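# Observations on the model geometry
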Amino acid sequence: MATSAAGPVLIVGSGLIGRSWAMLFASGGFRVKLFDIEQQQVTNALENIRKDMKLLEQSSSLKGSLSAEQQLFLITGCSNIQEAVEGAIHIQVNPPYYVPLVELVPHPETAPATVDRTHALMQKIGQSPVRVLKEVDGFVLNRLQYAVISEAWRLVQEGIVSPSDLDLVMSHGLGLRYAFIGPLETMHLNAEGMLSYCDRYGESMKHVLKTFGPIPEFSGATVEKVHQAMCVKVPDDPEHLAARRQWRDQCLMRLAKLKSQMPSQ
């Protein structure tokens with residue numbers, strides 16, 4: 001059977017995020033304690049992890065070098081917090097299984113060696129850690145996401161584009177590029193380097209940015225309009241939402257597999 005290189009790692013909470021982290025650490029060879037306050041929740045979580053790992057293995061998408069059975073052997077459940085914390089490493093960040101970004105935000109008094117050790121640990125289990133150099137509301141990912149959502153909302157609210165077409169702009173346009181390179185490298189490549197890009201396009205970008213409106217309220221007629229458009233594509237009952245989420249996760253799984261096969265640069 002598999003033996004752990006380190007651990008145990010304690011995962012507090014056996015929901016979707018907790019299960020994802022348990023699977024990630026097991027894929028790196030760590031022993032994992034999955035804690036929840038109700039034993040039945042822990043039991044259900046372990047069964048869901050077993051099903052997920054078997055499906056991932058069948059589709060050749062299981063992370064790590066260990067088999068599904070070997071990884072499952074490393075994960076145990078616990079509903080006693082005293083038992084759970086004994087000898088455990090504590091991790092408090094929560095990305096899903098196929099979105100490997102982890103934002104590391106140290107306190108000003110956190111020792112640099114602690115950040116370095118956490119950074120290395122995240123890399124060991126296949127994550128992509130970034131160092132946030134100082135605290136900011138919303139973290140980095142959410143701030144970028146909210147900026148996109150805000151302008152998307154304004155474009156729909158002002159009648160410039162329909163909700164469904166707005167999503168197409170991202171899923172069939174901008175999103176394809178950003179799955180592989182970020183906005184700053186995109187600028188760098190779209191001219192003869194960053195200095196050339198800013199010199200060539202800086203004024204036109206500022207002209208457009210000045211036309212951006214105030215922060216949307218995310219309510220009223222616009223939210224009804226967007227909701228109706230989304231429900232045409234995906235009705236908001238539990239069955240349809242679950243099926244669409246499953247499709248989304250399968251797409252992310254295939255994208256993650258493609259990215260892992262691309263030559264590193």
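Residues numbered from 1 in each chain as written. Predicted model: local features only at pLDDT ≥ 70, side-chain atom pairs only at ≥ 80, totals over all residues. Heavy atoms only, no water.

## Considering the overall build of the protein
Scanning the protein from N- to C-terminus turns up eleven helices and six strands. Projected onto the principal axes, the alpha-carbon positions of the protein cover approximately 60 × 45 × 35 Å. Residues counted as buried form 28% of the 265 residues belonging to the protein. A fraction of 65% describes how many contacts in the protein between residues 6 or more apart in sequence connect residues 24 or more apart. A total accessible area of about 17300 Å² is found for the protein, and carbon and sulfur atoms account for 58% of it. Here the protein contributes 25 positive and 27 negative side-chain charges, whose respective centroids are spaced 6 Å apart. (Helix = DSSP H or I, 4+ residues; strand = E, 2+ residues; numbered from the N terminus. Buried < 20%, exposed > 50% of the residue type's maximum accessible area, 1.4 Å probe, protein only. Contact = heavy atoms within 4.5 Å. Areas by Shrake-Rupley, 256 points an atom, 1.4 Å probe, with all protein chains shown as cover. Lys, Arg positive; Asp, Glu negative; His and termini not counted. Charge placed at Lys NZ, Arg CZ, Asp CG, Glu CD.)

## Description of the nonpolar core
Counting residues in each nonpolar core, the largest one holds 29 residues, and the members touching the most others are Ile 11, Trp 21, Phe 25, Ile 49 and Met 53. For this core, the secondary-structure elements that each account for two or more residues are strand S1 (6-12), helix H1 (16-27), strand S2 (30-35), helix H2 (39-58), helix H3 (68-73), strand S5 (101-104) and helix H5 (112-124). Per-element tally for this core: the top contributor is H1, with six residues. Within the second largest apolar cluster, five residues are counted, among which are Ala 152, Trp 153, Val 156 and Val 226. (Core = buried A, V, L, I, M, F, W, Y, C linked by side-chain atoms within 4.5 Å.)

## Concerning the packing of aromatic side chains
Aromatic ring pairs: the centre-centre distance and the angle between the two ring planes describe each pair. Considering all chains together, one arrives at four aromatic pairs under this definition. For the ring pair Tyr 197 and Tyr 201, a centre distance of 4.7 Å and an interplane angle of 55° mean the geometry is tilted. Placement of both Tyr 197 and Tyr 201 in helix H9 (residues 194-209) is noted, with a separation of four residues, approximately one turn of the helix. The class of Tyr 201 is partly exposed, set by a relative accessible area of 30%. (Phe/Tyr/Trp six-rings, centres within 6.5 Å; stacked < 30°, edge-to-face > 60°.)

## Remarks on a nonpolar patch on the surface
A cluster of nonpolar side chains, contributed by Val 99, Leu 101, Val 130 and Leu 141, occupies part of the molecular surface with about 250 Å² of accessible area. As for its position among the elements, Leu 141 is in helix H6 (residues 139-157). By relative accessible area, Leu 141 is classed as partly exposed at 37%. (Patch = residues over 30% accessible without salt bridge, like charges linked within 9 Å, V, L, I, M, F, W, Y side chains within 5 Å. Salt bridge = Lys/Arg side-chain N within 4 Å of Asp/Glu carboxyl O.)

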